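For reference, the chains in residue letters:
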Amino acid sequence: MGIGIVAGGALGALVVLIALFKMMWRVAEPNEALIISGSNHKTEGLSEGMGFRIVTGRGTLVLPGVQAVRKLSLDLNETQLSVECVTHQGIPLKVRGVVIFKVGDDFVSIANAARRFLDQQKLMSERVHIVFAGHLRAIVGGLTVEDMIRDREKLTGQARSACGTEMEKLGLIVDSLQIHEIEDPTGYIKNLAAPHAAAVQRDARIAQAEANRRATEAEQQAAARMSEATRDSEILQAGYQAERDQASAKARQAGPLAQAAARQEVVVQETRVAELEAHRKEQQLQADVRKPADATAYEKRTLAEAERDARISAAQAEAKETELASAASATATRVTGEAEAAAAQAKGLAVAEATRAKGLAEAEAIKARAAALAENQEAVVAQQLAEKWPEIVEAGASAFGNVDQMVLLNGADGMADLFAKALTMGGTGLGLARQLLATMGPNAPQSPVPPAASLNGSGPKSEAIAVTEAQD
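Summarised in this report is the structure supplied together with it. Since we're looking at a predicted model, the values are computed, not measured.

## Section: the sheet that holds strand β8 (residues 172–183)
Consider a sheet: its strands pair through backbone hydrogen bonds, and that pairing is either parallel or antiparallel. Strand order in the open sheet formed by 3 strands is β6-β7-β8, and the pairing between neighbours is antiparallel. One side of each edge strand has no neighbouring strand; the edge strands of this open sheet are β6 (77–86) and β8. Recorded for the sheet is a direction-independent mean angle of 25° between the axes of neighbouring strands. Direction of pairing for strand β7 (residues 92–103) relative to β8: antiparallel, over a ladder of 10 bridges. Note on β8: the bridge partner recorded for Val-99 is Leu-177. Contacting β7 and β8, helix α5 (residues 152–169) crosses the sheet at an angle of about 145° to β8.

## A short note on the pairing of strand β3 (residues 52–56)
Among the 5 residues in β3, 4 count as buried, and that is most of the element. By the bridge criterion, 5 bridges tie strand β2 (residues 32–37) to β3 in an arrangement that is antiparallel. By the bridge assignment, Ile-35 is partnered in β3 with Ile-54.

## Some thoughts on the pattern of salt bridges
This structure, assessed with the given rule, holds 13 salt bridges. A salt bridge links Asp-105 to Lys-102; the shortest N-O distance between them is 2.9 Å. Overall, Asp-105 belongs to the exposed group, its relative accessible area being 58%. For Lys-102, a relative accessible area of 11% translates into the label buried. Here Arg-214 makes a salt bridge to Glu-210, at a shortest N to O gap of 3.2 Å. Of this pair, Arg-214 and Glu-210 both sit in helix α6 (residues 188–252), 4 residues apart, which is roughly one turn of the helix. A relative accessible area of 54% means that Arg-214 is categorised as exposed. Taking relative accessible area as the criterion, Glu-210 reaches 28% and is therefore assigned partly exposed.

## Some words on α5
Along its 18 residues, α5 runs 26 Å from first to last C-alpha, staying within 8% of the 26 Å computed at 1.5 Å per residue. Bending of α5 peaks at approximately 40° at the position of Cys-163. Residues of α5 that are buried: Leu-155, Thr-156, Ala-159, Cys-163 and Met-167. In the segment just after α5, Gly-171 is the residue with positive phi, at about 80°.

## Points about the sheet that holds β2
One open sheet holds the 3 strands; their spatial order is β3-β2-β5, and the pairing between them is antiparallel. Strands at the two margins of the open sheet, each flanked by one partner only, are β3 and β5 (68–73). Neighbour to neighbour, the strand axes of the sheet diverge by 25° on average, direction disregarded. Examined bridge by bridge, β2 and β5 share 6 bridges and lie antiparallel to one another.

## A word on the pairing of β7
The side chains of a regular strand alternate, residue by residue, between the two faces of the sheet. Pairing of β6 with β7 involves 10 bridges; the strand directions are antiparallel. Note that in β7 the partner of Glu-84 across the bridge is Lys-94. Linkage of β6 to β7, two consecutive antiparallel strands, is achieved through a turn of 5 residues, within which Gly-90 is found at a positive phi near 85°.

## Quick look at the nonpolar core
In this structure, Phe-132 and Leu-172 are the most contacted members of the largest nonpolar core, which totals 42 residues. Looking at which element gives the most residues to this core, the answer is helix α3 (residues 124–141), with 8 residues. Discounting residues that sit within four places of it in the chain, Phe-132 has contacts with Leu-81, Val-99, Ala-159, Cys-163, Met-167, Val-174 and Leu-177. Residues Ala-28, Ile-36, Val-55 and Val-62 belong to the second largest nonpolar core, which totals 5 residues.

## Regarding a nonpolar patch on the surface
Among the surface-exposed residues, Leu-11, Leu-14, Val-15 and Ile-18 lie close enough to one another that they form a single nonpolar patch of about 390 Å² accessible area. Structurally, Leu-11 can be placed in helix α1 (residues 2–24).

## Points about the side chain of Thr-79
Topologically, Thr-79 is positioned in strand β6. Judged by relative accessible area, which is 7%, Thr-79 ranks as buried. Other than its neighbours up to four places away in sequence, Thr-79 contacts Gly-97, Val-98, Val-99, Phe-101, Ser-125, Val-128 and His-129.

## Focus on the environment of Phe-107
Tracing the backbone through its elements, the reader meets Phe-107 in helix α2 (residues 107–117). Under the relative-accessibility criterion, Phe-107 is labelled partly exposed at 28%. On a C-alpha basis, the gap between Phe-107 and Ala-33 in space is 9.4 Å, while along the polypeptide they are 74 residues apart.

## Digging into the packing of α3 against α5
The geometry of α3 relative to α5 is characterised by a closest axis approach of 9 Å and an angle of 130° between their N-to-C directions. With respect to each other, α3 and α5 are oriented oblique. Where α3 crosses over α5, the two elements pack in a sense that is right-handed. Here Val-128, Val-131, Phe-132, His-135, Leu-136, Ile-139 and Val-140 of α3 come into contact with α5, specifically with Leu-155, Gln-158, Ala-159, Ala-162, Cys-163, Glu-166 and Met-167. Of the residues in the contact of α3 with α5, the class split is 11 nonpolar, 2 polar and 1 charged.

Basis of the calculations
- Residues numbered from 1 in each chain as written.
- Predicted model: local features only at pLDDT ≥ 70, side-chain atom pairs only at ≥ 80, totals over all residues.
- Heavy atoms only, no water.
- Pairing = 2+ DSSP bridges.
- Helix = DSSP H or I, 4+ residues; strand = E, 2+ residues; numbered from the N terminus.
- Axes fitted to C-alpha atoms, helices over the stretch in contact; angles between N-to-C directions.
- Contact = heavy atoms within 4.5 Å.
- Buried < 20%, exposed > 50% of the residue type's maximum accessible area, 1.4 Å probe, protein only.
- Salt bridge = Lys/Arg side-chain N within 4 Å of Asp/Glu carboxyl O.
- Expected span 1.5 Å × (residues − 1).
- Bend = angle between axes of the 7 residues up to and from the residue.
- Core = buried A, V, L, I, M, F, W, Y, C linked by side-chain atoms within 4.5 Å.
- Patch = residues over 30% accessible without salt bridge, like charges linked within 9 Å, V, L, I, M, F, W, Y side chains within 5 Å.
- Areas by Shrake-Rupley, 256 points an atom, 1.4 Å probe, with all protein chains shown as cover.
- Parallel < 35°, antiparallel > 145°, perpendicular 65-115°, else oblique.
- Left-handed = near helix turned anticlockwise from the far one by under 90°.
- Nonpolar A, V, L, I, M, F, W, Y, C, P; charged D, E, K, R; others polar.

Everything listed here is a matter of coordinates, which is why it stays silent on function.
What follows is the structure in structure tokens.
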């Protein structure tokens, strides 16, 4: 029971607190500013002690009964301008336009607007109209109609500059200023545009006339081309007609012309046949007469030229042969002389070498025989006799060389005796040679032995054999 009472009391207190908080909490919308008065507050950019507080875009606590809260709209506003003015030229005009404005977003502008329009926000457009109307009259009074027409941006710029200070004091800013229309009750602007309109009309008429002229020229050129085309067509048609007439005439003349052409062709063929016949006869004449004559003349001329060339070739060959023979003879003589000289030299060298070799061989043989004789005289003599035995027999037989007729009394015995005697004579020569060798000895002086005729009888040949044996 007690807990319920406590809970109910707490809940009631919470509800009361929420209700009080809701009554005290104020939130500023994005397009409005809260003006809270009843206490001194210091706000950035504002002087102290102005007596109210500005809140934008957030919430704040307000003490009921102590502080008062009012809202200042930050939305756009517009006012229509319709101002009667007089230009610098004294011409009355009526300017129509529109001004779009709002309260500035800074605290200074909000404070200025709050002081002036917090309870009279609906009269804000009228106040702005009055400000702009006065400044527009002053600005238009310093301009001419031509300036206003040609440069409206200049008019709006001067108007915004002139009203800027006053709008700032009111806490307002101008988002846009547009001059829609300039009315001219006196018709000055219309008259001002008359020369230009006339010039434009003149240019338009000139342009139209030029266009008409060009169109007329184009039409004339088109007509001329049409006429030219018609003429060309008629000419072509006339040509075609002439060709048709000519074709008809040719068709009518085709028969006679064909006959004449056929006759002409016959004449042409006959003429060609005659020309061919004449050509054939000329060719026959060429073959029968001229060609043989030309061949005979060509043969004679060719033979004469060949004979002349042969004589020239023979003379040239003979001269060349003579020249070659002379050169060959000279070369052969030179080669023969060189060969003979080389042969004589070689022969002399060979003879000298042979003589020298023979002398050396004989000296070596004599030396060898002397050495052999000193060692074995009989063997040397026997060897020398064996080597000379054919000559010894020949020397013995030479005794019968001078016999013209020989009579053998005893026949074969007599011949045997005869040969025995000859051999005995040879043996006698052999004994004599052995004696000579014995007497000479190895150190005996070499002296020629006089020929002994008693060895082999008489005759030069036996003598030569004895001399040889003695030298050996």
